[in-house]
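One letter stands for each residue in the lines below.
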Amino acid sequence: MSRGFGIGGQRGAALRTPISVRRQRRVLCVFPAYTPSFGTFQHAFALMGRVRAFMPPQGLLLIAAYLPESWPVRFVDENILPASDADFAWADVVLVSGMHIQAPQIRDIQARAHAAGKVTVLGGPSVSSAPEMYPGFDYLHVGELGDATDELIGLLDASVGRPATQMRLTTNERVALEAFPLPAYDMIPLYRYLIGSLQFSSGCPYRCEFCDIPGLYGRQPRLKTAEQLTTELEAMLRQPAHPTVIYFVDDNFIGNKKAARDMLHHLIAWQKRHHYPFSFACEATLNLAKQTEILGLMHEAGFCEVFVGIETPDADALKGMKKEQNLMVPLLESIGTLNSYGLEVTAGMIIGLDTDKPDTDAGVMGFIDQSNIPILTLNLLQALPKTPLWDRLARDGRLVDDPRLESNVRFLRPHDDVVASWRRCVAHAYAPERLFARYRHQVEATYPNRFHPPARGRLTLANLRLGAALAFNVATRVGLKSDYRSEFWGAAWPAIKRGQIEAVLGMGFAAHHLIQFSREALRGEQNASFYSARAKQKAAVGERALADA
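First things first, this report covers the structure right here in the doc. (Residues numbered from 1 in each chain as written. Predicted model: local features only at pLDDT ≥ 70, side-chain atom pairs only at ≥ 80, totals over all residues. Heavy atoms only, no water.)

Along the polypeptide, Tyr 341 turns up in the loop between α11 (331-340) and β13 (344-351). Note on Tyr 341: relative accessible area 22%, which makes it partly exposed. C-alpha of Tyr 341 to C-alpha of Leu 297: the two residues are 44 residues apart in sequence and 9.8 Å apart in space. Residues contacting Tyr 341, with those up to four places away along its chain left out, are Thr 292, Leu 295, Gly 296, His 299 and Asn 449. (Helix = DSSP H or I, 4+ residues; strand = E, 2+ residues; numbered from the N terminus. Buried < 20%, exposed > 50% of the residue type's maximum accessible area, 1.4 Å probe, protein only. Contact = heavy atoms within 4.5 Å.)

Here's what the structure looks like:
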């Protein structure tokens, strides 16, 4: 990332803080590196040449846009390039945001900022649910954009000295989503990201036991307007090089079904006017399969992938975690329905539930084979603060804090047995012959059903260069040099014969990461849960970030 990218540019639309400031403050926004997981795809970035990170940090970009216009802002995503000593020397204030998985990296940024003598501010989902995890920061911003943000700006305007004791500011009155400014996309090089990010709604009406979304953002989804979304898309489109897939980061894309339907009509109209420059992906509950009108609109808008939290094929376990919405339609039937609209399903699965039995892993492996879902995030159960699961386990004395263990949950089965089950599931899912067999199913059952818009909207020089680099690297690194090249071509040739060139590149890209990451996980080099932030990962993450730079 270029130093000072976007400094002095327009940071968002009309809405900024209403606080009138008297002094100029230089703000360094730093987004911490992610710990690697099944879903971060860092092993495959080299196949795309210019790509260095998974997705832009939507929340921190929003805060950067909301700050006073007179305050210079420098934005660094450490998934692309670490913040330098010069960055910290330039700043008056260091502002950080992140999730639990980034906790070690968050604390590392705080330590570097304090070493440079700078005041530090932490906001975002991790500190909002567990402020006690971050005693070293000077200011904690708990909650969403709102009155606490304005209070913080006022305090920083008054002084950028470090307070004698930590100050905690909590949002009581949130800024409505329809009043959000345009995220500061101009401050980041979008071409460095695998996919773009877009937010339509916040909150989810369901109360799954392990999920912290209702506790953080509420059960009544709040919404942006369709005009806001199209304005954000146009801002991305203005950059000469940008991702062609945009991910809706909504907690549940159909949390408000009527709003999703109405928005999709606007999105389709925008795509037509701009000759379909983007494809879309999202996260939704599995009962999306019942919403055929919405699925038809998603198809016409160019949606290609949906992440669903399947968690387990065990009906009793789903009831136990209060995820009955996954039982409204049989699981395999639901997946088939989504595939029939051209949506490739990505699924989250959990090992270590209280209902698990010695043969649970066999059931999970059988489901993986039957569902033909290519990409699965297989995690050990981890209890997150502000969840019913956390509260229940705390009451029962089953929360543990042992860095030698793979989870903070005291399982009902022996810990080593649960980890062994997880390892068997990972080994089964990502054996190359099984992974590419699932991709062969997608070639037959999903990819032919996708909406194929005219190519005009994506025929840019930047996209052609990116496509050429990806094609060359997939052909050489996966198709020629890998030890799973025969399995790759077994899935690729049928797709090539059907003209599914983009799908071939996509499966080669994803499989390269999934196979490499799963092998590391089975060697004990990666954590068994995306939500685990065990200390052993800290040094490795820092080394990877520096290597990427």
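There's more to say after this.
So, about unusual backbone geometry. A positive phi is found at His 275, a non-glycine position, where the angle reads about 65°. With respect to the element layout, His 275 can be found in the loop between α8 (257-273) and β11 (279-283). For Lys 386, which is not glycine, the phi dihedral falls at a positive 65°. Examined against the element boundaries, Lys 386 turns out to sit in the loop between β14 (375-380) and α13 (388-395).

A separate point is helix α14 (residues 415-429). Since one α-helical turn is 3.6 residues long, residues separated by three or four positions face the same way. In this model, α14 (15 residues) spans 21 Å end to end at C-alpha, consistent with the 21 Å of a helix rising 1.5 Å per residue. Of the residues making up α14, those classed as buried are His 415, Val 418, Val 419, Ser 421, Trp 422, Cys 425, Val 426, His 428 and Ala 429. Residues of α14 that are buried sit in contact with β13, α12 (360-371), β14, α15 (432-445) and α18 (501-522). (Expected span 1.5 Å × (residues − 1).)

What follows is about the packing of helix α7 (residues 226-238) against α8. Between α7 and α8, the shortest axis-to-axis distance is 9 Å and the interhelical angle comes to 30°. Between α7 and α8 lies a crossing whose hand is right-handed. For the pair α7 and α8, the contacting residues are Ala 226, Glu 227, Leu 229, Thr 230, Leu 233, Glu 234 and Leu 237 in the first and Met 263, His 266, Leu 267 and Trp 270 in the second. Taken together, the residues that form the contact of α7 with α8 break down as 7 nonpolar, 2 polar and 2 charged. (Axes fitted to C-alpha atoms, helices over the stretch in contact; angles between N-to-C directions. Left-handed = near helix turned anticlockwise from the far one by under 90°. Nonpolar A, V, L, I, M, F, W, Y, C, P; charged D, E, K, R; others polar.)

A separate point is the sheet that holds β13. Pairing in this open sheet of 6 strands is parallel, and the strands run β7-β10-β11-β12-β13-β14 from one edge to the other. This sheet does not close on itself; its edge strands, each paired only once, are β7 (196-198) and β14. For this sheet the average axis-to-axis angle between neighbouring strands, irrespective of direction, equals 20°. (Pairing = 2+ DSSP bridges.)

The biggest cluster of nonpolar side chains holds 146 residues, and the ones touching the most others in it are Phe 248 and Phe 303. Here the element with the most residues in this core is α18; it accounts for 11 residues. Not counting the four nearest positions on each side in its chain, Phe 248 is found in contact with Leu 198, Phe 200, Leu 229, Phe 253, Met 263, Leu 267, Phe 280, Ala 281, Cys 282, Glu 283 and Phe 303. Ala 103, Ile 109, Leu 122 and Tyr 134 belong to the second-largest nonpolar core, a separate cluster that totals 18 residues. (Core = buried A, V, L, I, M, F, W, Y, C linked by side-chain atoms within 4.5 Å.)

Per the counting criterion, the structure on display carries 21 salt bridges. Of the charged contacts, one joins Asp 92 and Arg 26 as a salt bridge, the two residues approaching to 3.6 Å between their closest N and O atoms. One end of the pair, Asp 92, is in the loop between α2 (85-90) and β3 (93-97); the other, Arg 26, is in the segment before β1 (27-31), with 66 residues separating them in the sequence. (Salt bridge = Lys/Arg side-chain N within 4 Å of Asp/Glu carboxyl O.)

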